Amino acid sequence: MRHKNRPHALEGCRLRERILWGGLVIVILSWTGNYLYFQAQQLEQPIFLEHYYETSMREQDTIEFTFYYLSNKRNPSEVLYVNVDGVDGYPAPETDFQMWTTTTNVPQYEQEFSHHYLKSVVLQFQSSFLPIKKGSDVIWSFDKIDVTFKDGQTITADIGNVKVYGDEPDYEIFDEQISSSSNQHWSQKSMVTTQPLTIEEITVPFPKEVAKDVYVKLNLTQLPSSKYEEDEPEWFEDLVDLKRNKMEGISIAAPIFPLSLKENDWLQLSMRFNPNRESYYDFGIEMKGTTDENNPFLYKAPIIDSPYFSQQKVDDIIKEHQGVNGR
Amino acid sequence: MKQALNKIFWGYIFVMLEIHIIAIDILPDPIGYLFIVLGVSALSQTFQVAKKARNLAIMLIFLSIPTIFIQENMDYGPLSQLSLFQGWSIYSTGLGLGKIILVFYIFQLLMSIVLKLDNQELHTRTSRTFKIYIYVMLVGAIANSFTLNIAGHELIWLTVSIGIISLIMEIVFLILLRSIRKHGDGSIAS
């Protein structure tokens, strides 16, 4: 019995030894394949996203912006300093010391993707070093920054467009009543005129890059009768928030200007932003006009909004950038 | 033989607990492999196949020495990608594969033992456990390689599943060792 069984059992063992080595070869191939794929996903350098920001130097010793970038998860890049038109900017110091001491090894990020982090950096610039003077009506505008990371790598990054105003006059034209906004890509503002005035135009800044992704409607107690009809932008359907249904009034693209208002007239601005865009917003919708006393005014309805990124979109952005860099 | 199987049993527990209870170094791997070497050496005169297991276990004693000194952060979580392929990961993956090969040889040894015991039921059980263990561990090692390229919930789900399944397999292996020891006790005087 014992002798009968033995050759059979050893035969089985030999067969399985082949399976073991075959299996181990597959394991090693699988690791190699995954590692090669992992390597192929690594960015040569961090990718800065697009930002459309406006700020003014009014009463501030420093100005700051939050920039967002994609970085490899392995060895995530941290900004050491940046240089814009010869002006150095530095990341804002950590304010939360508790966080600093307990999480030094834990990477800070806004969003996590399979191979990348979406990271942010708050950059501060000393007002006194800026190429424009506080209070002047000059605009400092830039779309590229030289970024040096802690690992010594320096890149020139396209960051969209940033405008810094030397001054931002405060025209007391409106009493602001209700102002609401959300991270769901909408914002709303209602106000009352403090004096009779004429609105000549309402415009979205950065017309080339931003205008197509921002939809603004103006609502008044008595809407001007206009035959103008405008199609809603395509992305409008992608807004999931129910608020979009409450968007009342008439598009600012409609030929309703100039628009004369009396004192204590109510008006409301409703703003919607393309949720599928890839850029960060911090600017104001501009309302230009003249008071009945013939003083020109400029009013800005601020917008701060961040896009939402899916894995797919991150992949697309990386593909686009690597195409540009010739990789 | 009872003592030899006992040593393999405890040696394996030393090796296993190092892997599954994170950052606990009180049961160092090399001592576990040393126990296994002592166990299989005692059997190598009766069973030829024990020599392969002994040689590999001796290698693993030395190869696993770094696990005593390095704070072992077996990453089960979204951060695991950070340390992957920074040397340590290649090392611990290789060590894991070495352990699968060692268990394979121990299984071959167990097959020879149960063959000698002439216990059909135990033979079938050992043979079946042998196959399942090796297949599951190989599939687990393949699945592990994909942790490089996934993130978030999927990564946690995958690493936890692999962890639980391999823990179950190792317990099944230990129970089998126990059973063979018990049966061996009655059948063969050591």
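In case you missed it, the structure is sitting above this.
This report concerns the structure included in the present document.

Notes on the overall build of chain B
Point 1. The number of helices and strands found in chain B is eight helices and zero strands.
Point 2. Mapped from its N terminus to its C terminus, chain B presents α and β elements in the order α-α-α-α-α-α-α-α.
Point 3. Residues counted as buried form 52% of the 190 residues belonging to chain B.
Point 4. Looking at chain B as shown, the accessible area adds up to about 8600 Å², and 68% of this sits on carbon and sulfur atoms.

Re the pattern of salt bridges
Point 1. Throughout the structure, instances matching the rule amount to ten salt bridges over all chains.
Point 2. In this structure, the salt-bridge partner of B:Lys52 is A:Glu17, at a minimum N-O distance of 3.5 Å. One end of the pair, B:Lys52, is in helix H3 (residues 50-63); the other, A:Glu17, is in helix H1 (residues 2-40), on a second chain.
Point 3. Taking the relative accessible area as the measure of exposure, A:Glu17 reaches 13% and is therefore buried.
Point 4. Close ionic contact of A:Glu112 with A:Lys73 constitutes a salt bridge, the shortest N to O distance being 2.7 Å.

Some words on the nonpolar core
When a protein is soluble and globular, its nonpolar side chains tend to lie buried together.
Point 1. Residues B:Leu43, B:Leu110 and B:Ile113 are the most contacted members of the largest nonpolar core, which totals 57 residues.
Point 2. Going through the elements one at a time, H1 of chain A together with helix H1 (2-20), helix H2 (29-43), H3, helix H6 (88-117), helix H7 (120-145) and helix H8 (152-187) of chain B are the ones with two or more residues in this core.
Point 3. Residue contributions to this core peak at 16 residues, all from H6(B).
Point 4. Not counting residues within four places of it along the chain, the set of residues in contact with B:Leu43 comprises B:Met1, B:Ala4, B:Leu5, B:Ile8, B:Ala50, B:Leu109 and B:Ile113.
Point 5. Grouped together as the second largest cluster of nonpolar side chains are 38 residues, A:Met57, A:Ile63, A:Leu123 and A:Ile159 included.

With respect to empty space enclosed by the protein
Point 1. Taken as a whole, this structure holds one cavity of 30 Å³ or more when the rule is applied.
Point 2. Looking at the largest cavity, its volume works out to about 40 Å³.
Point 3. Around the largest cavity sit A:Arg16, A:Ile19, B:Phe104, B:Phe130, B:Lys131, B:Ile134 and B:Tyr135, which together line it.
Point 4. Secondary-structure elements contributing two or more residues to the lining of the largest cavity are H1 of chain A together with H7 of chain B.
Point 5. Here the element with the most residues in the lining of the largest cavity is H7(B); it accounts for four residues.
Point 6. Of the residues belonging to the lining of the largest cavity, the class tally is five nonpolar, no polar and two charged.

Quick word on the layout of surface pockets
All names here are of chain A.
Point 1. The calculated volume of the second largest pocket comes to roughly 840 Å³.
Point 2. Around the second largest pocket, the lining comprises 39 residues; the ones closest to its centre are Tyr281, Asp282, Ile304, Asp305 and Ser306.
Point 3. For the lining of the second largest pocket, the per-class residue count stands at 18 nonpolar, twelve polar and nine charged.
Point 4. Formed jointly, the lining of the second largest pocket draws a minimum of three residues from each of two domains, domain 2 (47-166) and domain 3 (174-305).

Things to note about H6(B)
Point 1. For H6(B), built from 30 residues, the straight-helix expectation of 44 Å at 1.5 Å per residue is met to within 8% by its first-to-last C-alpha distance of 43 Å.
Point 2. Across the 30 residues of H6(B), 23 count as buried, placing the element largely inside the fold.

Regarding the environment of A:Glu234
Residue and element names in this part refer to chain A.
Point 1. Structurally, the position occupied by Glu234 is in the loop between strand S13 (214-220) and strand S14 (250-251).
Point 2. The class for Glu234 is exposed, based on a relative accessible area of 76%.
Point 3. Through-space distance from the C-alpha of Glu234 to that of Lys212 is 9.9 Å; in sequence the pair is 22 residues apart.

What to know about the environment of A:Trp140
Residue and element names in this part refer to chain A.
Point 1. Tracing the sequence through the fold places Trp140 in strand S8 (residues 139-149).
Point 2. Judged by relative accessible area, Trp140 falls into the buried class, the value being 4%.
Point 3. As for Trp140 and Gln195, which are separated by 55 residues in sequence, their C-alpha atoms are 32 Å apart.
Point 4. A distance of 2.8 Å separates polar atoms of two side chains, one belonging to Trp140 and the other to Asp85.

Criteria and cut-off values
Residues numbered from 1 in each chain as written. Chains lettered and ligands numbered in written order. Predicted model: local features only at pLDDT ≥ 70, side-chain atom pairs only at ≥ 80, totals over all residues. Heavy atoms only, no water. Helix = DSSP H or I, 4+ residues; strand = E, 2+ residues; numbered from the N terminus. Buried < 20%, exposed > 50% of the residue type's maximum accessible area, 1.4 Å probe, protein only. Areas by Shrake-Rupley, 256 points an atom, 1.4 Å probe, with all protein chains shown as cover. Salt bridge = Lys/Arg side-chain N within 4 Å of Asp/Glu carboxyl O. Core = buried A, V, L, I, M, F, W, Y, C linked by side-chain atoms within 4.5 Å. Contact = heavy atoms within 4.5 Å. 1 Å grid on protein atoms, 1.4 Å probe; cavity = no way out; pocket = protein on both sides within 12 Å on 5 of 7 lines; lining within 4 Å. Points joined across faces, edges and corners; volume = space filled by probe spheres on them. Nonpolar A, V, L, I, M, F, W, Y, C, P; charged D, E, K, R; others polar. Domains from an automatic or database assignment. Expected span 1.5 Å × (residues − 1). Polar contact = N/O pair within 3.5 Å; in protein donor to acceptor, adjacent residues only side chain to side chain.

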